[in-house]
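These are the residues of each chain, in order.
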Amino acid sequence: MKDPILRVVNLKKYFPLRRGFIETLLSRRRLYVRAVDGISFNVGEGKVFCLAGESGCGKTTTARLILRLIPPTDGKVYYKGVDIFSLKGKELKRVRQEMQMIFQDPYQSLNPRMRIFDIVNEPLDINRKDLSYEEKREIVYKALEDVRLDPEEVVDKFPHELSGGERQRVAIARALVLRPRVIVADEPVSMLDASIRVSILNLLMDLKEKYNLTMIYITHDLAQVRYLGDDMAVMYLGKIVEMGPVDEVLDRPVHPYTQALISNVPIPDPTLSRKKIVIRGEVPSPVNPPPGCRFHPRCPYAREICRREEPKILEIEKGHYVACHLYE
Amino acid sequence: MRLVSREKVRERMRIYKRSIREFARTYKENKMGIVGLGILLVFVFMAVAAPLIAPHSPREMWLAEPLSPPSKEFILGTDELGRDIFSLLVYGTQVSLLVGLLSTLLSVGIGGLVGLIAGYYGGVVDSVLMRITDLFLILPGLPLMIVLAAILGPSIWNIIFVIGIVSWPSVARIVRSQVLELRERPFIEASKVANASDLRILFYHIAPNVAPLVFATAVLGIAGAILSEAGLSFLGLGDPSHISWGMMLHYAHEFGALEIGAWWYLVPPGICIMLLVLSFVFIGYALDEILNPRLRRR
């Protein structure tokens, strides 16, 4: 494999829990939410890497860490071999231009008081002071055409005058104007109507091909992973439990959690039936994760060792990794 | 620096014109707002065209017997120095409007900046700025104004300064609470991804989103400032070279207008103060209804 464009090594993010004044006086111990707890993965150039998992498993936190929107507790992220957490000032700005993000909620990610033109033009205004207004306008119009909006029609509008799908297209156009190499897409279609999801997904894939983008795609929907992913990682409570090529992981899942997730994806053909694996209980609190394997309280195969020791992530087949005592 | 291209300016103008048209359309449907705006326009006209409307100069004394009742020549009678009360009233509009606008501008300037910085940076900066704000907030407003006005001396600029200094904390509080909510919104994060600086985020993304609400509060603030000015002047702390409505009430009181039944000296400035304050309150409520996202009906 070529050198990966993005390398995440043992990334951690603990959020300190806010406590009341009295509590601070009574106990010394600070509590932390372990949102992301030591994850590592590589993303190959031009690939779509999917991060899958239920809500609260740390997917979005991972995205924000990779873009350096929040500082990490520990770990490294290398972009083209450069540790992005060590960057400052100009260097950071240069790298950020190459990594852009598409947010989950297009109703919240566009400034309600700005016209579409200004929204899409903002990254150029900040980063490309060398361009004239006419040049910038050309790029903005081109980007809007790329996302299949009619520039003439939308440039003067405010976000609230557009539909959810149109807004997400605007957000994509905005992410594209700087010609990034990596796009981090955080559940870009989960807030949209089912009817327009596919068109947005297709648009993303077309643009990825056209501009040879690398994409980190965050979703809880395994059907979307299958549709557009090359590689994937399944997260549970801040840890990666299984990772590998999408077809490999989805067709031959080995971790009990992944198996349960897949068994719960509805099959469109009613004549087919699949045994659903129902996992009991709730996701434990990330403030106080269970000792040993984090999945053991809900795992149908849990053994003694799972309660004591944390499983290491091992390569069971070429490129297919799993963190489970069953395979050690 | 590159010159802004003419095309860009033209495009901007077109966009602004459209925004103003949209705003005017919503405003027109608000009855209270229209009444308030109507009253205000009358007063603004009075202030601007004062030399044309007033039959006499406010400084002209001994035009008639002191405290003579309304007549054909002096429609609102004369004061204790024989000045034409109607003329005083017309010129007084200038003072009230000037003090109201400038002192509110001052309080919005200070309060807005403090609120923006405290809300956005949080932490120690926030704590320090907010404790200062609290300090100003708990100081009793009227006594403080009286003391300050007395120390600084009677000048219209001091009055403006005093009112501005006393009324900024509430603006700071409102702005801060808005900023606290706004800074967590994803569009702020989106502009951080686009390398936006703190300054840009503060003044380009957050401030315009706070502005409408501040605008509505500021208009209500003008009403408060006009009342404060009237109060200070009534207590004799006004600027004698700029006769205001409050000062007319002060002299009327001092020279016993009430005792001798000179209603023409007392009632007109009182009504003027009430109407002008009412007009700003009406406009403020109307703007609040239109601009405050929580009250907006769609």
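Remember, predicted model here, so these are calculated numbers, not experimental data. (Residues numbered from 1 in each chain as written. Chains lettered and ligands numbered in written order. Predicted model: local features only at pLDDT ≥ 70, side-chain atom pairs only at ≥ 80, totals over all residues.)

Chemist: Help me understand the overall build of chain B in this model?
Modeler: What chain B contains, in helices and strands, is 11 helices and 0 strands. Along its sequence from the N terminus, chain B presents helices and strands in the succession α-α-α-α-α-α-α-α-α-α-α. Projected onto the principal axes, the alpha-carbon positions of chain B cover approximately 75 × 45 × 45 Å. Per-residue burial for chain B yields a buried fraction of 40% across its 298 residues. Taking all contacts inside chain B whose residues are at least 6 apart in sequence as the whole, residues at least 24 apart take part in 70%. (Helix = DSSP H or I, 4+ residues; strand = E, 2+ residues; numbered from the N terminus. Buried ≥ 20, exposed ≤ 12 C-beta atoms within 10 Å, placed from the backbone. Contact = placed C-beta atoms within 7 Å.)

Chemist: Teacher, can you tell me more about the sheet that holds strand β4 (residues 74-79) of chain A here?
Modeler: Backbone hydrogen bonds hold the strands of a sheet together, and the pairing may be parallel or antiparallel. Residue and element names in this part refer to chain A. Reading across from one edge, β2-β1-β4-β5 is the order of the 4 strands in this open sheet, with antiparallel pairing throughout. Where the open sheet ends on each side, the last strands, each with one partner, are β2 (32-43) and β5 (82-83). Taken together, the 9 bridges between strand β1 (residues 6-16) and β2 define a ladder with antiparallel strand orientation. When the sheet's bridge partners are listed, P16 is paired in β2 with Y32. (Pairing = 2+ DSSP bridges.)

Chemist: Is there a simple way to explain the interface of chain B and chain A in this structure?
Modeler: Note on interface size: it is often stated as the accessible area lost on association of the parts. Opposite the 17 residues of chain B that make contact, chain A presents 22 residues. For the side of chain B that touches chain A, the secondary structure elements donating two or more residues are α1 (6-28), α8 (186-193) and α9 (198-234) of chain B. Looking at the side of chain B that touches chain A element by element, the count peaks at 7 residues for α8(B). Taken together, the residues of the side of chain B that touches chain A break down into 8 nonpolar, 5 polar and 4 charged. (Nonpolar A, V, L, I, M, F, W, Y, C, P; charged D, E, K, R; others polar.)

Chemist: Which parts of the structure should I look at to understand α9(B)?
Modeler: Residues three or four positions apart in an α-helix share a direction because the helix packs 3.6 residues into each turn. In this model, α9(B) (37 residues) spans only 46 Å end to end at C-alpha, well below the 54 Å of a helix rising 1.5 Å per residue. Of the residues trailing α9(B), B:G236 is marked for its positive phi of about 90°. (Expected span 1.5 Å × (residues − 1).)

Chemist: What is the right way to look at the sheet that holds strand β10 (residues 239-245) of chain A in this model?
Modeler: Residues and elements named next belong to chain A. The 8 strands are arranged β6-β7-β8-β3-β9-β10-β12-β11 in an open sheet whose pairing can be described as mixed. The open sheet has two edge strands with one neighbour each: β6 (99-102) and β11 (314-317). Looking at each pair of strands side by side, their axes are set apart by 20° on average, direction ignored. Relative to strand β7 (residues 182-186), β6 runs parallel, the two sharing 4 bridges. When the sheet's bridge partners are listed, M99 is paired in β7 with V182. (Axes fitted to C-alpha atoms, helices over the stretch in contact; angles between N-to-C directions.)

Chemist: Is there a simple way to think about the environment of A:H325 in this case?
Modeler: Residues and elements named next belong to chain A. Note on placement: H325 falls in the segment after β12 (320-322). In the structure, H325 is positioned 23 residues away from A302 in sequence and 8.9 Å away in space, judged by C-alpha atoms. Non-local contacts of H325, meaning those with residues more than four positions away in its chain, are made with C293, R303, I305, C306 and P311.

Chemist: Honestly, helix α5 (residues 133-146) of chain A in this entry has me stumped. Any pointers?
Modeler: Residue and element names in this part refer to chain A. An ideal rise of 1.5 Å per residue puts 20 Å on 14 residues; α5 measures up with 20 Å between its terminal C-alpha atoms. Taken residue by residue, α5 has R137, I139, V140, A143 and L144 as its buried positions. The buried residues of α5 all sit within an arc of 160° when viewed along its axis, so they share a single face. Opposite the buried face of α5, at more than 90 degrees from it, the exposed residues are E134, E135, E138 and E145. In this structure, the buried residues of α5 make contact with α4 (116-127), α6 (151-154) and α7 (164-176). Of the residues one or two after α5, R148 is the one with positive phi, at around 60°. (Arc of directions from axis to C-beta.)

Chemist: Just checking my understanding: could you explain unusual backbone geometry for this structure?
Modeler: Glycine aside, a negative phi is what most residues show, and trans is what most peptide bonds show. Residues and elements named next belong to chain A. Here the phi dihedral of N10 falls at roughly 50°; this positive angle occurs in a residue that is not glycine. Relative to the helices and strands, N10 resides in strand β1. Of note, the phi angle at R179 is positive, near 55°, even though the residue is not glycine. Relative to the helices and strands, R179 is located in the loop between α7 and β7.

Chemist: Sorry, what's going on with the environment of B:L152 here?
Modeler: Residue and element names in this part refer to chain B. For L152, the position within the fold is in helix α6 (residues 141-152). By the C-beta count within 10 Å, which is 14 here, L152 ends up partly exposed. Between the C-alpha atom of L152 and that of L137, which follows or precedes it by 15 residues, the distance is 21 Å. Once you skip the residues sitting within four places of it in the chain, L152 turns out to touch N158 and V162.

Chemist: Explanation requested: the packing of helix α5 (residues 123-138) of chain B against helix α7 (residues 156-182) of chain B in the structure shown.
Modeler: Packed helix pairs are characterised by how far apart their axes lie and by the angle those axes make with each other. All names here are of chain B. Viewed as axis vectors pointing N to C, α5 and α7 meet at an angle of 135°, and their least axial separation amounts to 8 Å. In terms of axis orientation, α5 runs oblique to α7. The chirality of how α5 crosses α7 is left-handed. Contact with α5, carried on its side by T133, F136 and L137, involves P169, A172 and R173 of α7 and no other residues of that element. (Parallel < 35°, antiparallel > 145°, perpendicular 65-115°, else oblique. Left-handed = near helix turned anticlockwise from the far one by under 90°.)

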